[in-house]
Each structure stands twice: as C-alpha cells, then as structure tokens.
Amino acid sequence: MIVENQVVAPRVLRIAINAPLCSPLEYLPPPNLSPECIPAGARVRVPVGRREAIGVVIEHAEQPSVAVSALRAVRELLDPQPLLDPALMRLLKWTSDYYHHPLGEVIASALPPALRQGRPAQALIEQWRATAAGREALTAAAQPRSARQRELLALIAAAPEGIDADRLAAQWPRWREAARTLRLRGWIERLERHAEVALPQPRIGSPAPAPLLSEAQQLAVTRIEAGAAKFAAWVLQGATGSGKTEVYLQCALRTLARGRGVLLLVPEIGLTPQLVQRCRERLDVPVAVLHSGLSDAERLAAWRACRQGLARVLLGTRSAVFAPVAQLGLIVVDEEHDSSYKQYDGGCRYSARDLALVRARQLAIPVLLGSATPSFETLHNLQAARYQGLVLPRRNDQAPAPRLALVDLRSHTLHLGLATPVIDAMRRHLAAAGQVLVFINRRGYAPTLLCTACGWIAPCPACDARLTVHRAAGQLRCHHCGRLEPLPTRCRRCGHEVKPVGQGTERIEESLRELCAAHALVRLDRDTAAGPGGSEAIVDSVLSGEARILVGTQMITKGHHFPGVSLVVVLNADQGLFSTDFRAAERLAQTIVQVAGRAGRERLQGEVLIQTEYPEHPLLQSLLSGGYERFAAVALAERAAAQWPPFARLAVLRASARSVDGALKFLSAARQCAPSTAAVRLLGPVASAMARRAERYHAQLLIESAERGPLHRLLDQWLPQVQTLARAGRVRYALDVDPIDIQ
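Computed from a predicted model, the values in this text were never measured in an experiment.

1. Considering the overall build of the protein
Across its full length, the protein carries 20 helices and 32 strands. A compact globule built from 743 residues would reach a C-alpha radius of gyration of about 27 Å, and the protein, at 30 Å, matches this within 12%. Taken over the C-alpha atoms alone, the protein extends approximately 95 × 70 × 65 Å along its principal axes. In the protein, which comprises 743 residues, the proportion classed as buried is 52%.

2. Structural notes on the packing of helix H8 (residues 215-226) against helix H9 (residues 244-257)
At their nearest, the axes of H8 and H9 sit 10 Å apart, and the two run at 35° to each other. In this structure, H8 crosses over H9, and the sense of that crossing is right-handed. Where H8 approaches H9, its residues Gln 217, Ala 220, Val 221, Ile 224 and Glu 225 are matched on the opposing element by Glu 246, Val 247, Gln 250, Cys 251 and Arg 254. Here the residues of the contact of H8 with H9 sort into five nonpolar, two polar and three charged.

3. Thoughts on helix H20 (residues 708-723)
Between its terminal C-alpha atoms H20 stretches 23 Å, which fits the 22 Å expected from 16 residues at 1.5 Å a residue. Bending of H20 peaks at approximately 30° at the position of Gln 717, with proline Pro 720 no more than four residues after it. Inspection of H20 places Pro 710, Leu 711, His 712, Leu 714, Leu 715, Trp 718, Leu 719 and Val 722 among the buried residues, and these make up the whole buried set. For H20, the secondary structure elements touched by its buried residues are helix H1 (86-99), strand S29 (649-657), helix H19 (662-672), strand S30 (680-693), strand S31 (696-705) and strand S32 (732-737).

4. Some points on the pattern of salt bridges
Should their charged atoms come close, side chains of opposite charge can pair. Evaluation of the coordinates by the stated rule reveals 34 salt bridges. A salt bridge links Arg 353 to Asp 354; the nearest nitrogen and oxygen atoms lie 3.0 Å apart. Judged by relative accessible area, Asp 354 falls into the partly exposed class, the value being 23%. The salt bridge partner of Arg 654 is Asp 741, with a shortest N-O separation of 3.6 Å. Placement of the pair is Arg 654 in strand S29 and Asp 741 in the segment after S32, with a sequence separation of 87 residues.

5. Quick word on the side chain of His 337
Within the fold, His 337 resides in the loop between strand S13 (328-334) and helix H12 (352-363). Residue His 337 is classed as buried on the basis of its relative accessible area of 14%. Polar side-chain contacts of His 337 include one of 2.8 Å to the side chain of Ser 371. Setting aside residues no more than four positions away along its own chain, His 337 makes contact with Ser 371, Thr 373, Pro 374, Ser 375, Gln 590 and Gln 594.

6. Re the pairing of S29
Along S29, eight of the nine residues are buried, which leaves the element largely enclosed by surrounding structure. Of the pairings in the sheet, the one linking S29 to S31 comprises nine bridges and is antiparallel in character. When the bridges of S31 are listed, Arg 654 appears paired with Gln 700.

7. A look at the packing of H1 against helix H2 (residues 103-110)
Closest axis-to-axis distance for the H1/H2 pair is 9 Å, and the angle between their directions is 125°. As far as their axial angle goes, H2 and H1 are oblique. H1 and H2 meet at a crossing whose hand is right-handed. Residue-level contacts link Met 89, Leu 92, Lys 93, Thr 95 and Ser 96 of H1 to Leu 103, Val 106, Ile 107 and Ala 110 of H2. The residue makeup of the contact of H1 with H2, split by class, is six nonpolar, two polar and one charged.

8. Quick look at helix H14 (residues 420-431)
Compared with the 16 Å implied by 1.5 Å per residue over twelve residues, the 17 Å span of H14 between its first and last C-alpha is a close match. Taken residue by residue, H14 has Val 422, Ile 423, Ala 425, Met 426, His 429 and Leu 430 as its buried positions. In a view along the axis of H14, the buried residues occupy a sector of 165°, so they form one face of it. Just beyond H14, the residue with positive phi is Ala 433, at close to 70°.

9. With respect to the packing of aromatic side chains
Any aromatic ring pair is given by two values, namely how distant the centres are and how the planes are angled relative to each other. One pass over the structure, following the stated rule, counts eight aromatic pairs. Aromatic pair Phe 666 and Tyr 733: ring centres 5.0 Å apart, planes at 35°, arrangement tilted. A residue pair is termed long-range when its members are at least 10 positions apart, and Phe 666 in helix H19 and Tyr 733 in strand S32 qualify at 67 residues. Accessibility expressed as a relative area gives 0% for Phe 666, which makes it buried. The structure contains a cluster of three or more aromatic residues connected by ring pairs, namely Trp 94, Tyr 98 and Tyr 99.

10. Details of the sheet that holds strand S9 (residues 232-238)
Overall, parallel pairing links the seven strands, which are arranged S11-S12-S10-S13-S14-S9-S15 in an open sheet. Looking at which strands have only one partner, the edges of the open sheet turn out to be strand S11 (287-290) and strand S15 (388-392). Across the sheet, the axes of successive neighbouring strands diverge by a mean angle of 20°, strand direction being ignored. Across five bridges, the pairing between strand S10 (residues 261-265) and S13 is parallel. Of the residues in S13, the one forming a bridge with Leu 264 is Val 332. Sitting on the sheet, H12 is in contact with S9, S10, S13 and strand S14 (366-371), with an inclination near 160° to S13.

11. Here's the deal with the sheet that holds strand S19 (residues 435-439)
With respect to topology, six strands assemble into an open sheet ordered S16-S28-S27-S19-S26-S25, the strand pairing being parallel. On the outer flanks of this sheet lie strand S16 (403-408) and strand S25 (521-524), each paired with one strand and no other. Sheet twist, expressed as the mean angle between neighbouring strand axes with direction ignored, is 20°. In this sheet, strand S28 (residues 607-612) lies alongside S16 in parallel orientation, the contact comprising six bridges. The residue of S28 that forms the bridge with Leu 404 is Val 608. On top of the sheet, helix H15 (residues 505-515) reaches S19, S25 and strand S26 (549-552); it is set at about 175° to S25, its chief contact.

12. Focus: the confidence of the model for the protein
Looking at the protein, pLDDT values average 87 and 94% of them are 70 or higher. Model confidence for the protein, summarised as mean pLDDT per element, is weakest for strand S8 (residues 188-194) at 77 and strongest for H12 at 97. Throughout residues 1-8 the model reports pLDDT below 50, and contacts reaching past four residues in sequence, or to other chains, amount to zero contacts.

13. Quick notes on the nonpolar core
By size, the foremost hydrophobic cluster in this structure holds 79 residues, and its most contacted members are Ile 107 and Trp 718. Once you skip the residues sitting within four places of it in the chain, Trp 718 turns out to touch Leu 653, Ala 670, Arg 671, Cys 673, Ala 674, Pro 675, Leu 682, Leu 701 and Ile 703. Leu 437, Val 565, Ala 596 and Phe 631 belong to the second largest nonpolar core, which has 36 residues in total.

14. Looking at the side chain of Gln 250
Here Gln 250 is to be found in helix H9. Not counting chain neighbours up to four residues away, the residues in contact with Gln 250 comprise Ala 210, Leu 213, Val 221 and Arg 282.

15. Describing the environment of Val 48
With respect to the helices and strands, the residue Val 48 is situated in strand S3 (residues 43-48). With 293 residues separating them in the primary sequence, Val 48 and Tyr 341 have C-alpha atoms 34 Å apart. Setting aside chain neighbours within four positions, we find Val 48 in contact with Ile 17, Tyr 27, Ala 53 and Arg 72.

Thresholds, definitions, all that
- Every residue gets a number counted from 1 within its own chain, in the order that chain's sequence is written.
- Two thresholds apply to this predicted model, a pLDDT of at least 70 for residue-level local features and 80 or more for giving and counting side-chain atom pairs, whereas whole-chain, interface and lining totals are computed over all residues.
- The basis for the side-chain values is all heavy atoms of the structure; hydrogens and waters are excluded.
- Labels follow the DSSP assignment, with helices taken as runs of H or I lasting at least four residues and strands as runs of E lasting at least two, numbered in each case from the N terminus.
- As defined in this context, the radius of gyration uses C-alpha atoms, and a globule is described by 2.2 Å times the residue total to the power 0.38.
- With a 1.4 Å probe rolled over the protein chains alone, any residue whose accessible area is under 20% of its type maximum counts as buried; one over 50% counts as exposed, and the rest are partly exposed.
- Axes here mean lines fitted to C-alpha atoms, for a helix over just the part in contact, with angles spanning 0 to 180 degrees between N-to-C directions.
- Crossing handedness is read from the near helix: turned anticlockwise from the far helix by less than a right angle, it gives a left-handed crossing, and turned clockwise, a right-handed one.
- Note on contacts: a residue pair qualifies if any of its non-hydrogen atoms lie within 4.5 Å across the two residues.
- Asp, Glu, Lys and Arg are counted as charged, while Ala, Val, Leu, Ile, Met, Phe, Trp, Tyr, Cys and Pro are counted as nonpolar; the rest, among them Gly, fall into the polar class.
- An expected span of 1.5 Å times one less than the residue number is assigned to each helix.
- The bend reported for a residue corresponds to the angle between axes fitted to the seven residues ending at that residue and the seven starting there.
- A pair is scored as a salt bridge if a Lys or Arg side-chain nitrogen falls within 4 Å of a carboxyl oxygen belonging to Asp or Glu.
- Identification of polar contacts relies on pairs of N or O atoms within 3.5 Å, with a donor-acceptor requirement for protein atoms, meaning one able to donate a hydrogen and the other able to accept it, and with residues adjacent in sequence counted only if both atoms are side-chain atoms.
- Pairing between two strands requires that DSSP report at least two bridges joining them.
- The labels follow the angle: roughly parallel below 35 degrees, roughly antiparallel above 145, roughly perpendicular from 65 to 115, and oblique for the rest.
- Directions pointing from the helix axis toward each C-beta atom define the arc.
- Two rings from Phe, Tyr or Trp (for Trp, the six-membered ring) form a pair when their centres sit within 6.5 Å of each other. Planes less than 30 degrees apart are called stacked, planes more than 60 degrees apart edge-to-face, and all others tilted.
- Known as pLDDT, the predictor's per-residue confidence is scaled from 0 to 100.
- What is meant by a nonpolar core is a set of buried Ala, Val, Leu, Ile, Met, Phe, Trp, Tyr and Cys residues, joined one to another through side-chain atoms within 4.5 Å.

This is the structure in structure tokens:
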C-alpha cells in the first residue's frame, strides 16, 4: 500500500561548538550539499543566534529532536575530509564523558587556535594567474592605462602556471591595490595550491651512534618491543641519570622502523630543547614540537605536519595528547608523576597522563610511563598488576647515589638564609671544581613585606594572600591573581620603614653573590625564563661550566642533566610537611628525590643537604633511610587506611562568586538536589583554603566514592539538575574529576 503525501524528515547534522552546552546542536545540511558530503569530524560554519561559530560535526541523525522548521542550515563546510579521524573523535568523546565536560569545549581545547577560528586544515599558497582576457589585453588597445597595472599584468602573465603572492610582495610592496583593479576587469584570477609544511629536517648525515645499553635497559626495550602490537602500560622506574631517556629513544627507533609514529609527552616547556636536540640527533626523522609557548602559526604548522604524516615524532606538553600523530604506535609520558599533566585552570580538567593511557588502550599500542618517583596512582596500579614494571638500577659507570643529610636549623646559625654547614659545603665543592645547585620553591625576593613598627604586612587587595616582593623589578606581585604594585619604602599605615621577610630565589641569588662572589651564578625561575630562549640560555651556561652556581625553583628539578653538579642544597623543605592537602607529602618527597638526582650525575658521588627545623619528621627520616620506595610504601598504607586516592575516587565541584556566601549557597543548593546513594558521599560545602582570589570568593563540595562506577553514575544524573538551579547563572562553577589537590 502506498501512503500519499507522507512527509519524510530530512537527515540532520549534530554539531558541537565551543560553548558550555550539554549536547550538540542540530542543523540542516547546506542547500547545495547532501548530508553524505559532510563527514563526521569535519568543521563547519554555523549560525548561532546573531553570530556565526565554528563547529565540528559529531554525527548524522535520521530524525531531528525538534520540528524541522526550527532548524537552521549549515552555512559553510570547511573540511571536505574529516579534520578529526574516528580514533581521535573516540578519544575526545571519552574525555567529555569521563570528565563530564561539554564535548564542544573539549574538541576546541584539542585544536590549535587558528583551526578554531576557521583557518584551512592544510597550508595553502596564494597564487595569481593571468586570464585569457588579460593576456589579450597586453597586446590590445584595451590594456591598462596605469603603467603600474601594465607592469604587474605583464609580470603575472609571464608565469603561465601562476606566480606566488609572496614573490609579488617582494617585488611590488603595494601590488594588491593594482591587482584589485586588474581582477575587477577579469584580467587576473586568484588561485590556491596546497603547500608542504616546513619542518626542521633530520640531521644531515648518519644519526648519532647509540650508546651501549645496560642489561636492564636492553631488557626494558626488548619487553616493550615484544608487546608492540597490543596495549600495555609499562612503568619505567629508575634513579635520575639511570638512562630512561635512552630507553625512550630505542623504543622510538623500533616504532619508526615499523612505519609507526611516536608521541613523547613532557611536563614542562623548559624540558623540550634538550630532548628535541637528542631526538633529532638520534631518530633521523622530522620531529615536531607542540606546546603553549609557540606562536599560533607555529602550533598550526606542527599540528598540520603531524596530521599529514610529515612529522613522524611529536614532542609536546599536556595538550599534545590530542595531537593527530599519523599511524601512532607508541606513547611515552616522561616524568609521569608531574602535576603539570593535569589541566586545573579553566576548561576541561583532564589529566594528559591518564588520557595517554586511554588513547593507547583504544589504539591497542604500548604506553611507557617514566619516572624516578612514580605517582601513588601508578604504584597502586603496579601492585594491582594493571601496569607492568621495569626497573633501571644505577648504571655501572654512574656515580653512587648521592649522600643525603639534614641540616638542623635549630642548631646552626643562619646567614642570609643559609646555615653555616651549607655555606661551608658550597665553598668546599666550588673549590673542588664542582657546581652547586640551590633549590627553593619560592620565586621573588621575599614572600612578605613587613612594617617593623606597627606590624603591617602588604596584602593583596583582591586575594587572601600577601604580596610577594620582587626587588629587581621594584614591585609587589600577587602570585595568585597577577596584581602589580610599586614597591613602597615606607609603611602605608604608619609611615615607618618596611623590610622584606623570608627568602625567595631572588634573595638567595643576592646572598650567594655576596658569599661566593668569585663564582658565576645564574637563576632559573619563571621570571628569568620569560621570553624566547630564556631558560635554554640559562641551562646552556650551566652545562658549559660557565655558571658555577644555579639557583632555581621546581623548573630545575625536571629532567635536566647537569653533569658538573656535585652539591644540591634544598631550602624551605618544611613548607610541605604540614599542608592540609593530602598529596602534599607525596609531592614534597618527589621534589626532594628529583632535585637530589641532579647531584653526582657522573662518576663522583654527589651530596645533598636539606635545611629543616623538623629533622625528626617521619617523611624526612623515611626518605633518608629507605629512599622514595620506603616512603611510598608507608604513605600508601596510610592512604589505604584513610580511604584517600588511589583507594577512593574523588570529584570536586568548585564555585566562585562576588559575595562571601554566594558560592556556598550555590553549592548547598547543589548538594540538596543530588541523588541519594549509599555508595557516594558528599562532603561540604566549605570555603577554599584561600577563600578570596582575584576579588571572587571560592568554595568547594567534595564527592567521594570507593568505586568509579557509582561516582560517575551520580554525576550523570546530578549535573543536569545543577545546571537548572536558580543560582547557577550567578556563579562560576566547574567540576574537577580526579583532582590533584583539595584547595
């Protein structure tokens, strides 16, 4: 039976845009294209209200969820072929689901800024070519009257295949004005052709020879390579300098030999120069680099090179976990314990380390996690046999482990922030041609500016924090909101003299220049490393031996190889001993072990001195007696007893508002509408440890469960209700799944 006048609804496109929307928007195809011509993973330009937005096609739907008359049409297809392949789309959807974050914003965070703005996915070269009418005009009476136009037309016509716009600009700085008239008359036409992405080429000649592997290194490479055709999570644990990077390179060489690509993640931009140089010397293939310190054009070029298969190796920081490395065959996460892998300030709060594991599982390839101090989550997964362990002992040609000693500040006089035994040890090592590294995890000159008469302390007007003294710049700075103020010489309350209290890297640098005036000194922190090549120049001066003393923050603890350093001094170690954050002890132990690993990298045993007022503290004692392994075993047992991660699953709903109680009232309302379940506990809300930051008041609600499943089921049911709360529009709020700290 034929049913007449039956209306068949057209297929619709479900499109995600960069906006906080729970689900994709629905659109009709453009009038001139059928839905089959618009693939999933392609970018489109769509109308949103009175503006336009760039979106990504998620899927096709047979039936719209609303009336067809309410749907608008896509205005332009930007990518005839998918910009994001099915594997990447699968990873992005997983990320959106797991972290309960809008898919459109997740996709946007995975793309270079230029692609979010609609730039072509493939590099194009602009060309101009003379038309048949233009070539005829050169010999006819109708040729341009302007001599400039005649010369330009003749130049373009002399190149039958077309001439590049860059060449025209080099010869005619203002050529476009004349070209506009010629184009209007139909004498020239604009063309585009695909361009090859420019990448640093492999080293000319043979790659640098590989060093002879130790037995443990060879075993690690062999085991990883044996499982190259399937997913496996390998944990490469070894003392600093034991050769983890060489294992990465050897595994990369074998992956490249199979025709597959390599993704190497590092936690900090500052680590990339040394590692990039080693990769380019050894791998003999184009190596792309991707991190936030690059310009938009550089990031786009690296992204294009990966997608086109021109760059076989990509080295990058956190966001590179989403990069479209062609035929990916191996993922390496260096310093996997580092908190920099967690996105915690705006956008989707993802962990690049965890997503590297997910991506490797989805692609059925190995992932290699390297660290001298693995995170407690990684150690727990090793104990549960979900990961496979590889251990690199100290090499035979490596110096013995450095000697660690505590310097009791209660028993020794301090001079300019340094205890007498520390000063004596520095002078001894410098006299023996050694280099000295001084670590203090506090930048600036001093953390406090104090009035010696009335006790006034320079506050940040926008935060519950003190302003940090930056004497060289003549400023007070807030390290939380970025506020800058001139450095006063008198108390703003009573007019009396003020003085800096405490030490930062800048003050320790000043002290050491006085105590060790005969020796060159450099400082590495976010202030001195600002600008292109800043950190690289400082590191080079240490490597060359020109600088004998290096003062720095955590930037100096991550992956740098300083062969000449024989003494490491740790200042202000007590800062992390009594924190309310349950991860503080883990981080402090990792930092001490990592910075201690900079000492004695060659044949001479190094020395590490830790200044403390609490030498009996169990954390410090366990580190001294049994190293990181003993500390981690004791600390993991404490975590298990307290049911903290990795023995529980956490999420935090954070909110901020202009008023003191705005955030707390919103979170209280959110808690009241949460589904009731015995498997999940909600704790709070409470004000954050620093309640006021950047003139906003912050609070948090903790969600806790013993298992991942119940936690995510609650979040799935609960978050849509939270979005409908009357107070939701008056606060800023964000969900953090698997938080790295409880602020």
